[in-house]
Amino acid sequence: ARGRNIICSTIGSLPLEWIDEATNSYVPAPRFLNQPDPRIPGIVFKAWIIEDMIFHPFAYARVTQRYADTGRIRSAERIAPERVATKTNANGTELIGYWVDGTPINPEDLMVFPGVDEGLLFRAGRTIRAAHQLEKSAYNFAMNPIPQTVIKNKIGLTADKLKQMGQAWAKARRESSTAILNGDVDIETLGYDPKSLQLNEARQYLALELCRAMGLPAWFASADPQSNTYTNAVNQRRDLVDFSLRPYLVAYEERMSFADVTPAGTKVRFDLDDFLRGNPLERAQVYEILNRIGAMSVDEIREEEDLISEATPTA
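Residues numbered from 1 in each chain as written. Predicted model: local features only at pLDDT ≥ 70, side-chain atom pairs only at ≥ 80, totals over all residues. Heavy atoms only, no water.

Draft legend 1. Here's a closer look at helix α1 (residues 2-13). For α1, with twelve residues, the first-to-last C-alpha span of 16 Å sits near the 16 Å given by 1.5 Å per residue. Along α1, the residues that are buried comprise G3, R4, I6, I7, C8, T10, I11 and G12. (Helix = DSSP H or I, 4+ residues; strand = E, 2+ residues; numbered from the N terminus. Expected span 1.5 Å × (residues − 1). Buried < 20%, exposed > 50% of the residue type's maximum accessible area, 1.4 Å probe, protein only.)

Draft legend 2. View of the sheet that holds strand β1 (residues 16-20). With antiparallel pairing, three strands are arranged side by side in an open sheet as β2-β1-β11. One side of each edge strand has no neighbouring strand; the edge strands of this open sheet are β2 (25-27) and β11 (266-270). The mean inter-strand angle of the sheet, taken between neighbouring strand axes irrespective of direction, is 45 degrees. (Pairing = 2+ DSSP bridges. Axes fitted to C-alpha atoms, helices over the stretch in contact; angles between N-to-C directions.)

Draft legend 3. Local environment of the packing of aromatic side chains. Taken as a whole, this structure holds four aromatic pairs when the rule is applied. Their ring planes at 35 degrees and their centres at 6.3 Å tell us that F58 and Y60 sit as a pair that is tilted. For F58, a relative accessible area of 33% corresponds to the partly exposed category. Y60 gets classed as buried once you look at its relative accessible area, which sits at 6%. (Phe/Tyr/Trp six-rings, centres within 6.5 Å; stacked < 30°, edge-to-face > 60°.)

Draft legend 4. Spatial organisation of helix α3 (residues 42-55). Taking 1.5 Å of rise per residue, 14 residues should cover 20 Å, and α3 covers 20 Å from first to last C-alpha, within 8% of that figure. In terms of burial, α3 is a largely internal element, eleven of the 14 residues being buried. Three or more residues of α3 are buried, namely G42, F45, K46, A47, I49, I50, E51, D52, M53, I54 and F55.

Draft legend 5. Main features of unusual backbone geometry. Backbone geometry at N24 places phi at a positive 55 degrees, although glycine is not the residue there. With respect to the element layout, N24 can be found in the loop between β1 and β2. Despite not being glycine, D101 has its phi angle at roughly 55 degrees, a positive value. Here D101 shows up in the loop between β6 (95-100) and β7 (103-105). In this structure D101 comes out as partly exposed when scored by relative accessible area, which is 48%.

Draft legend 6. Just the pairing of β11, in detail. On β11, burial follows the alternation: T266, V268 and F270 on one face are buried, whereas K267 and R269 on the facing-out side are not. Inspection of the sheet shows β1 paired to β11 by five bridges, in the antiparallel sense. Bridge pairing links I19 to K267 in β11.

Draft legend 7. Quick look at the sheet that holds strand β5 (residues 84-88). Taken in spatial order, the three strands make up an open sheet running β5-β6-β7, and their pairing is antiparallel. At either end of the open sheet lies a strand with only one pairing partner, and these are β5 and β7. On average, each strand axis in the sheet is inclined to that of its neighbour by 40 degrees, with strand direction left out of account. Bridge count for β5 against β6 is five bridges, and the pairing is antiparallel. Residue pairing for β6: T88 is matched across the bridge by L95.

Draft legend 8. Spatial organisation of the pattern of salt bridges. Under the criterion given, the structure shown has 13 salt bridges. With a shortest N-O distance of 2.9 Å, R39 and D37 are connected by a salt bridge. Exposure remark for D37: the relative accessible area of 6% places this residue in the buried category. Residues participating in the shared-partner salt-bridge network are D37, R39, R62 and E77. (Salt bridge = Lys/Arg side-chain N within 4 Å of Asp/Glu carboxyl O.)

Draft legend 9. The arrangement of the nonpolar core in detail. Of all hydrophobic cores here, the largest spans 45 residues; its most connected members are I7, I50, I54, M111, F113 and Y252. For F113, the contacting residues outside a window of four places in its chain are I49, M53, P57, F58, A59, A61, Y252, R255 and M256. Counting eight residues, the second largest nonpolar core, distinct from the first, contains Y60, Y98, I105 and V112. (Core = buried A, V, L, I, M, F, W, Y, C linked by side-chain atoms within 4.5 Å. Contact = heavy atoms within 4.5 Å.)

Draft legend 10. Representation of a negative patch on the surface in the model. Together, D273, D299, E300, E303 and E304 make up a negatively charged patch on the protein surface. The biggest single contributor to the negative patch is helix α12 (residues 298-304), with four residues. Relative to the assigned elements, E303 resides in helix α12. Overall, the relative accessible area of 60% leaves E303 in the exposed class. (Patch = residues over 30% accessible without salt bridge, like charges linked within 9 Å, V, L, I, M, F, W, Y side chains within 5 Å. Areas by Shrake-Rupley, 256 points an atom, 1.4 Å probe, with all protein chains shown as cover. Lys, Arg positive; Asp, Glu negative; His and termini not counted. Charge placed at Lys NZ, Arg CZ, Asp CG, Glu CD.)

Draft legend 11. Up close: the environment of R39. Position of R39 relative to the elements: it lies in the loop between α2 (31-34) and α3. Of the residues examined, R39 reaches a relative accessible area of 60% and is grouped as exposed. Separated by 37 residues in sequence, R39 and A76 have C-alpha atoms that sit 9.9 Å apart. Polar contacts involving the side chain of R39 include one to the side chain of D37, which spans 2.9 Å. At 3.0 Å, the side chain of R39 forms a polar contact with the side chain of E77. (Polar contact = N/O pair within 3.5 Å; in protein donor to acceptor, adjacent residues only side chain to side chain.)

Function cannot be read off these values alone, since they describe shape.
Here it is as structure tokens:
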């Protein structure tokens, strides 16, 4: 969940820009780019699409409205991959149709976001199942903190009496760790305690394995004791983009740059400036150099830093 939230919430919060490829200038973006589904915030739509791309080979969105004049997509809703079925040709080499909830759908009304691989559930399903079972074991030990025990009866009690004795023993152990036995029964411990099973070490190992499977630096998911300082935070954010987010960013950008969304000669790109910007001192040093060589004016620096220029006094 931590790895999913880091990747999905980060990408979902990044704004999309519409760029003219000929001039490399920004074009006013239609609402669809940053809020594809008008019923929910854009971050929610993007986060769920990215989650589907992480866990599954494909993510899907159903077109709900198009512009009458251009036919381009005006709004769409996310469709969970579990709701979508595909049909291939006889050789299984080409997709020829889609079903949503068992009903055929026009392929033009289904936006398909291909993932970069088979998806985490297929690639690391065994690791996820192991982590699930380990969490289950930790829960069982939390509910029953003592090792499994066997009470040996020496005087031939009936089955009902033995059952009552076992229930009383379990209840007493939940309420107190001190036990008193008479000479008619013996107690024997079976299994291992959590320390012997190395549950903490196993959970740490599986956390690292899941981070590797997701391509996420382990310290982002608190799976690595490596310390993180303010001085290296920017570099680590760049590492996060380069080694974790980049495949999903590019896949989402290129799908949104298809002709059914944007006209020819334009492309869609995520704005990473705010996410990757350095600390104020670093930015000031860069701006000072750019201003000195004439690459940026003072007004452009103010605009980049979201500073409001002072109003010119009127006579």
